[in-house]
Amino acid sequence: MIRKVRPLFFLLVVVGLILSACTPAATQAPSEPGQPQVTVEKVIETQLVEVEKLITPTPGPVEGTILVDGSSTVAPITQAVAEEFAKVYPQVRVPVGISGTGGGFKKFCNGETDISDASRPIKPSEVELCQKNGIEYIELPVAFDGLAVMVNPANNFASCLTVEELKKIWEPAAEGVITNWSQVREGFPNQPLTLYGAGTDSGTYDYFTAAIVGKEGASRGDFLPSEDDNVLVQGIAGDTNALGFFGLAYYEENTDKLKLVAIDNGDGNCVLPDITTVSQGTYQPLSRPLFIYVNRARVDEKDEISLFIDFYLKNAGELSREVGYIPLTDEIYQLAQKRYDNRVTGSVFEGQGSTIGVSLADLLSKE
Amino acid sequence: MSTLTALKDVTFERNLSFRKLKGKIFEILAFFAILLGIAMLLTLLVDVFLDGLPWLSTRLFTEFPSRFPEKAGLRSALQGSIWLMFLTALMAIPVGVGAGIYLEEFAPQNRITRFIEINVANLAGVPSIIYGLLGLGLFVRQLGLGRTLIAGAMTMALLVLPIIIVTTREAIRAVPNSIRQAALAIGATDWEVSRDHVLVYSAPAILTGVILAMSRAIGETAPLITIGALTYIAFDPKGPFDIFTVLPIQIFNWVSLPQPAFHGLAAAGIIILLIVLLSMNALAIWLRNRLTIHW
């Protein structure tokens, strides 16, 4: 009997699986290869023209390789700059690695790279390592990133959370204690709370803990961490009890699957992250600047680095917006350019690591 | 006496149907076991193909990575993978096959040989990231090779070496002893026996092992990320001492981007990697079926 049923059964299971695989893909399909893509291409073309207008250097027979490594958050910006840079200086090769902010600094302070991408300022331990190896660096801000706090769309009560409430959820003492939404605020339903967050090796985690808990790297351990933000998106989208945090760029691609939580920085105003609130610094304390660190000695050894940095600071505003980040103000880009032209080494954050709620313009113009 | 046999038959009959039932149950369980494996594989394949097919085009072979998904390609990653495979094979095959021949044909049967044999077998099970750390410490930093193709290929060669040694030994062991004895009897030296007989007859099986080892190496990501292979490369590698990226790293990079279009591109990259892998495995099977000598 089994012998007769077997092929039929097999077919049934296979067809079932194929169908189940089809459904999520089918909902995505129209947005991928179909019509919208045409409009995307058009937009890109106009953006390209704009970028080309921005470029005003004189292409020369410059050759060389500029090694860049570091934060995976900053990498898309550096890659975009490298891509445009290659159109003007095809002989200069700019490869970009993603070892993470910490991993990048380890290589940078060993002299293995010329430029390090960083999603937070350099830490005391890294300052020490660089000093030990005699590496001086120029710190340059390139864009803003908003850290978004997210819940499942089915969550209709948590539309605004205070920093105090977030601290209560994330501080180390909350481990195993704050496990229910009703404990977060009086009036929230009796519903379990599950937490998702960036992995502990990322600059994102460092910044979030510094901003919310008050101490870099301090948080409860019983949350689901992932270095891949898309995993966090899937996790929060499929869990009605979820709360999580990650870069704003990932929210913007998944607005239908996630609900953004406004942040109240203790003054009673609920602020949602967007281009204006992040770049003007009203979305606090979760707006953070992104940086590149340039090896001071290599600037003199390799002429192409200065060309690349000039190009970077001129076009970072435009290009960071294209890849999902928020541009700095023109004033800050000019201050950064001045800082580079004067070869000012060291960190404006005095090697303290993640620093919360300070104005970049103030810090840069002080020097 | 006749009642006795009748009694026996009754219990035998009863037991028989029960035993047959047990057999059936086992058959069903085994059937589900194979079904589960195949179904998982099919789901995975169907999912990848649905996501990736719209993005599959020749552009993937001719273009460098880009921030615009409709302009992005795998050119540098493909070249990196090909370079890496070539250099890995160049280093791993002579050393691996040589070690296999020595252990099987020449090594004295003593404690040291057994110790080496056990360790080679254990090395085959060491997680690949460990080889990456070794490669970073030894080749990239100690030997000062930097994050180059040659350092990556040396790391990969170490990774596949145990697999090649083990399959070479198995292939050589399958050559009947009578062949060796016949050759020795007419005056061939040990080296001549190995070169003209053992190696020739075991070559198809050794080749199969080598191809399978290479197809493992082409899919590896962790050790290469550890030694510092880069993720964004928009130029052709110039030679073994150039920096590089490979297919799995490019796929990993695209998957981690927020834009869904890049996830489609990653799926297309997976399809290309799968095609390369399956054709390598198919070649191995074809060679085995065609060249194997039946004694």
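Residues numbered from 1 in each chain as written. Chains lettered and ligands numbered in written order. Predicted model: local features only at pLDDT ≥ 70, side-chain atom pairs only at ≥ 80, totals over all residues. Heavy atoms only, no water.

**Q** Can you tell me about the domain arrangement of chain B, naming the residues and giving the values?
**A** Residue and element names in this part refer to chain B. When its domains are assigned, chain B resolves into domain 1 (2-55) and domain 2 (59-291). Between the C-alpha centres of domain 1 and domain 2 the distance comes to 38 Å. Of the residues lining the interface, seven residues belong to domain 1; the matching set on domain 2 comes to twelve residues. Taken together, both faces of the contact between domain 1 and domain 2 bury some 710 Å²; the carbon and sulfur share is 84%. The interface formed by domain 1 and domain 2 contains zero salt bridges. For the interface between domain 1 and domain 2, the tally reads zero residue pairs in polar contact (both at pLDDT 80 or more). In terms of residue class, the side of domain 1 that touches domain 2 is built from five nonpolar, one polar and one charged. (Domains from an automatic or database assignment. Contact = heavy atoms within 4.5 Å. Buried area = accessible area lost by both parts, 1.4 Å probe. Salt bridge = Lys/Arg side-chain N within 4 Å of Asp/Glu carboxyl O. Polar contact = N/O pair within 3.5 Å; in protein donor to acceptor, adjacent residues only side chain to side chain. Nonpolar A, V, L, I, M, F, W, Y, C, P; charged D, E, K, R; others polar.)

**Q** So what's going on with the confidence of the model for chain A? Which residues, and what values?
**A** Residue and element names in this part refer to chain A. In the predicted model, chain A carries a mean pLDDT of 82, and the fraction of residues at 70 or more is 80%. Taken element by element, the predicted model of chain A shows its lowest mean pLDDT in helix H2 (residues 36-54) (42) and its highest in strand E4 (residues 115-118) (95). For residues 1-5, every residue scores under 50 in pLDDT, and the model assigns this stretch four contacts once sequence neighbours within four places are set aside. (pLDDT = per-residue confidence, 0-100. Helix = DSSP H or I, 4+ residues; strand = E, 2+ residues; numbered from the N terminus.)

**Q** Give me the confidence of the model for chain B: which residues, what numbers.
**A** Residue and element names in this part refer to chain B. Residue-level pLDDT values for chain B average 89, and 96% of them are 70 or greater. For chain B, the element scoring lowest by mean pLDDT is helix H1 (residues 2-52), at 86; helix H6 (residues 149-173) scores highest, at 94. Confidence estimates for the predicted assembly give a pTM of 0.77 and an ipTM of 0.76.

**Q** Report on the packing of helix H3 (residues 75-106) of chain B against helix H10 (residues 247-255) of chain B, specifying residues and quantitative values.
**A** All names here are of chain B. Where H3 meets H10, the axes come as close as 8 Å, and the angle between the chain directions of the two elements is 150°. Residue-level contacts link Ala77, Leu78 and Ser81 of H3 to Leu247, Pro248 and Gln250 of H10. Of the residues in the contact of H3 with H10, the class split is four nonpolar, two polar and no charged. (Axes fitted to C-alpha atoms, helices over the stretch in contact; angles between N-to-C directions.)

**Q** Any details on the domain arrangement of chain A? Residues and values, ideally.
**A** All names here are of chain A. If you check the domain split of chain A, you get domain 1 (45-144 + 289-366) and domain 2 (146-279). Of note, the centres of domain 1 and domain 2, computed from C-alpha atoms alone, are 29 Å apart. On the domain 2 side, the residues contacting the 14 residues of domain 1 number 15 residues. Both sides of the domain 1 and domain 2 interface together cover about 1,200 Å² of buried area, and 60% of this is carbon and sulfur. Viewed at the interface, domain 2 and domain 1 are joined by three salt bridges. Linking domain 1 with domain 2 are one residue pair in polar contact (both at pLDDT 80 or more). Partitioned by chemical class, the residues of the side of domain 1 that touches domain 2 number four nonpolar, seven polar and three charged.

**Q** Hey, could you go over the pattern of salt bridges for me, with residue numbers and the actual values?
**A** Note on pairing: side chains with opposite charge can pair once their charged atoms come close. Residue and element names in this part refer to chain A. Scanning the entire structure with this criterion turns up 26 salt bridges over all chains. Between glutamate 216 and lysine 123 there is a salt bridge, with its nearest N and O atoms 3.8 Å apart. Of this pair, glutamate 216 sits in the loop between helix H8 (203-212) and strand E8 (224-226) while lysine 123 sits in the loop between E4 and helix H5 (124-132), and the two are 93 residues apart along the sequence. On the accessibility criterion, lysine 123 (25% relative accessible area) is partly exposed. (Buried < 20%, exposed > 50% of the residue type's maximum accessible area, 1.4 Å probe, protein only.)

**Q** Now, about the pairing of strand E12 (residues 287-295) of chain A: what can you tell me, with residues and values included?
**A** All names here are of chain A. For E12, the buried fraction is high: nine of the nine residues fall into the buried class. The alternating pattern of E12 places Ser287, Pro289, Phe291, Tyr293 and Asn295 and Arg288, Leu290, Ile292 and Val294 on opposite faces, both of which are buried. Across four bridges, the pairing between E4 and E12 is antiparallel. Along E12, the bridge assignment pairs aspartate 117 with isoleucine 292. Note that strand E5 (residues 137-151) and E12 share nine bridges and pair antiparallel. Paired with glutamate 139 across the bridge in E12 is tyrosine 293. (Pairing = 2+ DSSP bridges.)

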